[in-house]
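# Chain and residue survey
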Amino acid sequence: EPEVTQTPSHQVTQMGQEVILRCVPISNHLYFYWYRQILGQKVEFLVSFYNNEISEKSEIFDDQFSVERPDGSNFTLKIRSTKLEDSAMYFCASSVSSGAGGPVYNEQFFGPGTRLTVL
Amino acid sequence: DAKTTQPPSMDCAEGRAANLPCNHSTISGNEYVYWYRQIHSQGPQYIIHGLKNNETNEMASLIITEDRKSSTLILPHATLRDTAVYYCIVRVATGYSTLTFGKGTMLLVSP
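Parameters and conventions
Residues numbered from 1 in each chain as written. Chains lettered and ligands numbered in written order. Predicted model: local features only at pLDDT ≥ 70, side-chain atom pairs only at ≥ 80, totals over all residues. Heavy atoms only, no water. Disulfide = S-S within 2.5 Å. Helix = DSSP H or I, 4+ residues; strand = E, 2+ residues; numbered from the N terminus. Buried < 20%, exposed > 50% of the residue type's maximum accessible area, 1.4 Å probe, protein only. Pairing = 2+ DSSP bridges. Axes fitted to C-alpha atoms, helices over the stretch in contact; angles between N-to-C directions. Polar contact = N/O pair within 3.5 Å; in protein donor to acceptor, adjacent residues only side chain to side chain. Contact = heavy atoms within 4.5 Å. Buried area = accessible area lost by both parts, 1.4 Å probe. Salt bridge = Lys/Arg side-chain N within 4 Å of Asp/Glu carboxyl O.

### Quick notes on the state of the cysteines
For the structure shown, the criterion picks out two disulfides over all chains. At a sulfur-sulfur separation of 1.9 Å, the disulfide partner of Cys23(A) is Cys92(A). Between Cys23(A) and Cys92(A), the S-S dihedral sits near -65°, and the bridge is therefore left-handed. Within this pair, whereas Cys23(A) is found in strand β3 (residues 19–24), its partner Cys92(A) is found in strand β9 (residues 88–95), the two being separated by 69 residues in sequence. Across the pair, Cys92(A) and Cys23(A) agree in class, each one buried. At a sulfur-sulfur separation of 2.1 Å, the disulfide partner of Cys22(B) is Cys88(B). Note on the Cys22(B) and Cys88(B) pair: the S-S dihedral is about -80°, so by sign convention the disulfide is left-handed. In this pair, Cys22(B) is assigned in strand β2 (residues 18–23) and Cys88(B) in strand β8 (residues 84–92), connecting sequence segments 66 residues apart. One exposure class covers both Cys22(B) and Cys88(B), and it is buried.

Right, here's the structure in full:
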């Protein structure tokens with residue numbers, strides 16, 4: 001069964017460093033997302049991406065964050081200068097639209113996550 | 001998206017049915033009810049969704065009241081592996097509509 005994969009599973013970095021989290025969405029999906037979950041807290045939406053541009057972003061997704069689909073398979077989240085409060089699990093998700101004319105079933109399929117620890 | 005209310009925790013004996021309630025009294029006519037779950041620190045997993053009819057798949061059943069103000073997720077024969085946080089989310093099913101997670105219900109399945 002197709003699945004979303006993420007690398008690395010755990011990233012440790014120093015405050016102020018840049019990190020890139022990588023995701024490979026399910027191959028025929030059109031929409032891509034990043035969410036994060038700080039330890040013990042709710043899963044929070046960061047950004048959605050469609051047709052090579054950001055569709056929607058939350059207040060969390062400030063200028064320190066960027067997303068990119070550098071090729072036909074990868075979807076990346078970059079944090080330019082990490083802060084202590086960026087420590088969290090980061091989840092990538094993807095979904096596919098059923099197309100025009102009918103209801104769009106937008107089940108999002110999540111990857112296993114990358115645990116980011118900022119020291 | 002409409003707000004949902006779920007109990008913070010529930011217990012269930014292994015092999016018994018787990019019935020997880022969700023209130024969504026402000027749901028709009030074009031909003032679906034989605035259920036996801038998150039097994040300890042893993043990525044959320046889609047379970048089922050519905051608009052107004054009851055739905056069943058290989059994982060669970062979803063019962064939506066006639067007025068659509070509440071719903072119940074049923075795991076017919078809960079196993080230890082079903083121990084997880086279960087999220088009820090109400091949203092319009094557009095192409096890229098986001099998921100807004102609440103605190104969900106922590107379901108503990110015991111032997």
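### Concerning the sheet that holds strand β7 (residues 70–75) of chain B
All names here are of chain B. Across the sheet, four strands lie side by side as β2-β7-β6-β5; this open sheet has antiparallel pairing. The open sheet has two free edges, formed respectively by β2 and β5 (55–56), since each of these has just one partner strand. Of the pairings in the sheet, the one linking β2 to β7 comprises six bridges and is antiparallel in character. Pairing of Pro21 across the sheet is with Thr72, part of β7.

### Points about the sheet that holds strand β4 (residues 45–50) of chain B
All names here are of chain B. Read from one edge to the other, the open sheet built from five strands follows the order β1-β9-β8-β3-β4, with strand pairing classed as mixed. The strands lining the two open edges of the sheet, one partner per strand, are β1 (9–13) and β4. Strand-to-strand twist of the sheet, defined as the mean angle between neighbouring strand axes without regard to direction, takes the value 25°. Of the pairings in the sheet, the one linking strand β3 (residues 31–38) to β8 comprises eight bridges and is antiparallel in character. Along β8, the bridge assignment pairs Gln38 with Val85.

### Things to note about the side chain of His49(B)
Here His49(B) shows up in strand β4. Among the polar contacts made by the side chain of His49(B), one reaches the side chain of Tyr46(B) at a distance of 2.6 Å.

### Things to note about the interface of chain A and chain B
Every contact between the two is made by 23 residues of chain A and, on the other side, 22 residues of chain B. Both faces considered, chain A and chain B share a buried interface measuring about 1,800 Å² in area, 58% of it formed by carbon and sulfur atoms. Our enumeration of links across chain A and chain B arrives at zero salt bridges. The tally of links between chain A and chain B comes to three residue pairs in polar contact (both at pLDDT 80 or more). Elements supplying a minimum of two residues to the side of chain A that touches chain B: β4 (31–37), β5 (43–50), β6 (53–57) and β9 of chain A.

### Topic: unusual backbone geometry
Of note, the amide linkage connecting Thr7(A) to Pro8(A) takes the cis form, showing an omega dihedral of -10°. Tracing the sequence through the fold places Pro8(A) in the loop between β1 (5–7) and β2 (10–13). With phi around 65°, Asn52(A) is a residue other than glycine that occupies positive phi space. When you line up the elements, Asn52(A) lands in the loop between β5 and β6. Not every positive phi belongs to a glycine, and Arg68(B) is a case in point at roughly 65°. Within the secondary structure, Arg68(B) is located in the loop between β6 (61–64) and β7.

### Comments concerning the side chain of Thr114(A)
Residue and element names in this part refer to chain A. Locating Thr114 in the fold gives a position in strand β11 (residues 114–118). For Thr114, a relative accessible area of 0% corresponds to the buried category. Looking at Thr114, its side chain comes within polar contact range of the main-chain oxygen of Pro8, at 2.5 Å.

As far as function goes, none of this settles anything; it's purely spatial.
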